[in-house]
Amino acid sequence: MQKIYTSFEEIDLELKRLKLQSDISKEELKLSVHHTKENVTPSKLVGGAFSGMVSSGFLFKLLMPVATFAIGKLTEKKDKN
């Protein structure tokens, strides 16, 4: 439903209100982008992924075969000497 204006003053006031509303929305978007840039950095992404892996035990499962292999090689080398 369209609003019916009775004067140019009403139109001007409505245009000013819409302009202010648009400016507020733009500033909110800028602030949101700024917060996103602060929160999405490589170090935070890696740190977050690393802490998630540690808490889930994924890192332990991933490193266990590597550690077992390394310990086996070290003991073989020690036995040869």
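Residues numbered from 1 in each chain as written. Predicted model: local features only at pLDDT ≥ 70, side-chain atom pairs only at ≥ 80, totals over all residues. Heavy atoms only, no water.

Focus: the overall build of the protein
Right, so step 1: Counting its regular elements, the protein contains 3 helices and 0 strands.
Right, so step 2: Secondary structure elements of the protein, listed N to C terminal, follow the sequence α-α-α.
Right, so step 3: Per-residue burial for the protein yields a buried fraction of 2% across its 81 residues.
Right, so step 4: Surface summary for the protein: the accessible area is close to 7,700 Å², and the carbon and sulfur share equals 68%. (Helix = DSSP H or I, 4+ residues; strand = E, 2+ residues; numbered from the N terminus. Buried < 20%, exposed > 50% of the residue type's maximum accessible area, 1.4 Å probe, protein only. Areas by Shrake-Rupley, 256 points an atom, 1.4 Å probe, with all protein chains shown as cover.)

Here's the deal with the pattern of salt bridges
Pairing between side chains of opposite charge can happen when the charged atoms of each approach one another.
Right, so step 1: Scanning all chains against the criterion turns up 3 salt bridges.
Right, so step 2: Notably, a salt bridge pairs E14 with R17, separated by 2.6 Å at the nearest N-O pair. Residue E14 and its partner R17 are both found in helix 1 (residues 8–39); the two are separated by 3 residues, about one turn of the helix.
Right, so step 3: In this structure R17 comes out as partly exposed when scored by relative accessible area, which is 41%.
Right, so step 4: Put simply, E27 and K30 hold a salt bridge, and the shortest N to O gap is 3.3 Å. Of this pair, E27 and K30 both sit in helix 1, 3 residues apart, which is roughly one turn of the helix.
Right, so step 5: A residue is classified by how much of its surface remains accessible, and E27, at 46% relative accessible area, is partly exposed. (Salt bridge = Lys/Arg side-chain N within 4 Å of Asp/Glu carboxyl O.)

Quick look at a nonpolar patch on the surface
Right, so step 1: Together, Y5, F8, I11, L15 and L18 make up an exposed nonpolar region whose accessible area comes to about 490 Å².
Right, so step 2: Assignment of secondary structure puts I11 in helix 1.
Right, so step 3: Judged by relative accessible area, which is 30%, I11 ranks as partly exposed. (Patch = residues over 30% accessible without salt bridge, like charges linked within 9 Å, V, L, I, M, F, W, Y side chains within 5 Å.)

A short note on the confidence of the model for the protein
Right, so step 1: For the protein, the mean per-residue pLDDT works out to 81, and 72% of the residues sit at or above 70.
Right, so step 2: Across the protein, helix 1 holds the top mean pLDDT of 92, while helix 2 (residues 42–56) sits lowest at 65. (pLDDT = per-residue confidence, 0-100.)

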